[in-house]
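# Architecture and fold: a report
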Amino acid sequence: MPASGPGPKPPTIADVARVAGVSRTTVSHALNGLGKVDPRTRERIKQVAAELGYRPNLRAQRLRHGQAKAIALASSMPFAVAGGPSRLGFYMEIAAAAAESALLHDYALVLVPPVQSGSGLHSVDIDGAIVVEPDVNDPATARLRERGLPYVALGRPVSPDEQVPYVDLHGGPVAEMLLAHLHQQGAERPALIIGSGERHSSVDAREAYGRMAAAYGWPPVVATAPEAGGEQAGYERCAALLAEHPGTDAVCALVDAFAVGAVRAIRDSGRTVPDDVMVVTRYDGLRARTCDPLLTAVDLHLDRAAADAVELLLGRLRGGAAPTTSVAAPPPRLVVRASSLRITPPA
């Protein structure tokens, strides 16, 4: 049997021009929305292109326009917090939604793993980036500034010199929501465990906790743990906290990995969850939904927030966003589960 030869060559812009009876320049303008092409001619060209199965050469377009047609998602958040062993954590939920939104605008999303956000942004071919919850002096934002690339933040930037558009993830209201729930469930000595960095979620939670401790007469107990330590760091910090403050009856562990570790520490101390110590966390992700007991958490609407961040970044790329523009994500929603449910709400 003779070897089969190569398949038919894909149609070119010259083929479309020949069938439509116009020049290649007219075809290019018609298909790319450029120049002054008669609307009827434009529609005829599009119809011919569709019938021939013509697909534009995206690489050539990018070279002509000087654009990569790609944006990056980056974060300095340690992988133990951003993803964890399942690789399905906070960061990946954002990535999935951002990739879908970017594709609707014909942009690809380049995912820079959290462990490589500083170095990984050095060489990727992108037009701009979304930085997830930048810390003070964040290496990802520093690298983007070095390259002169526009970026937006998902979560309020905390560095004084960060004047970039961002999507507000409601750090203060989220913490208040969790702490108010603990109060409603009878907590009298709740403690707060946050990351040792300065991300907006930690900064805002500390401030919210201080206000509510003063309002409710709670003895303030705030502990920090290194984010890179993940679940084990949460375990060790909670164990130390219970030894130092044995009257603690609730723990708001803002990082979900910390919360899972805190549940283990509470049990290893001979206490039970939630009867002796309630536990709540910020992110309603896989850890919250698979912990035993299931963790009370907050739906941050990350899918909508990620899509908003993409729109905000593309606005910057088009030159339409002011430097201080911010967009609020949808209001957070408390998801109450067994880890904090002492008092059953009325039907």
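The shown structure was predicted, so the numbers you read here are calculated from the model rather than taken from an experiment.

## What to know about the pattern of salt bridges
The full count for this structure, using the stated rule, is 13 salt bridges. The shortest N-O distance in the salt bridge between Arg199 and Glu227 comes to 3.2 Å. A residue pair is termed long-range when its members are at least 10 positions apart, and Arg199 in the loop between strand 6 (190–195) and helix 10 (200–216) and Glu227 in the loop between strand 7 (222–225) and helix 11 (230–244) qualify at 28 residues. Here Arg199 matches Glu227 in class, with each residue buried. Ionic contacts of the salt-bridge type, sharing partners, join the residues Asp284, Arg289 and Arg337 into one network.

## Some details on the packing of aromatic side chains
Note on aromatic pairs: each is described by the distance of the centres and the angle between the planes. Summed over all chains, the structure comprises 3 aromatic pairs. Seen from their ring centres, Phe90 and Tyr283 are 5.3 Å apart, and the 90° between their planes marks the pair as edge-to-face. Linking Phe90 in helix 6 (residues 90–104) with Tyr283 in strand 9 (residues 278–283), this pair joins segments that are 193 residues apart in sequence. Residue Phe90 shares its accessibility class with Tyr283, and that shared class is buried. Aromatic side chains Tyr216 and Trp218 sit 5.1 Å apart centroid to centroid with 45° between the ring planes, which places their arrangement in the tilted category. Note on Trp218: relative accessible area 4%, which makes it buried. Grouped by ring-pair contacts, the aromatic residues Tyr209, Tyr216 and Trp218 constitute a single cluster.

Analysis parameters
- The numbering scheme is per chain: residues are counted from 1 as the chain's sequence reads.
- Reporting of local features is limited, given that this is a predicted model, to residues whose pLDDT is at least 70; pairs of side-chain atoms are given and counted only at 80 or more, and all residues count toward the totals for whole chains, interfaces and linings.
- The basis for the side-chain values is all heavy atoms of the structure; hydrogens and waters are excluded.
- Counted as salt bridges are all cases of a side-chain nitrogen of Lys or Arg within 4 Å of a carboxyl oxygen of Asp or Glu.
- By definition, any uninterrupted DSSP run of H or I lasting at least four residues is a helix, any uninterrupted run of E lasting at least two residues is a strand, and each is numbered from the N terminus.
- Residue exposure (1.4 Å probe, protein chains only): buried if accessible area is under 20% of the type maximum, exposed if over 50%, otherwise partly exposed.
- Any pair of Phe, Tyr and Trp rings, taking the six-membered ring for Trp, is counted once the centres come within 6.5 Å. Such a pair is stacked with planes under 30 degrees apart, edge-to-face with planes over 60 apart, and tilted for the rest.

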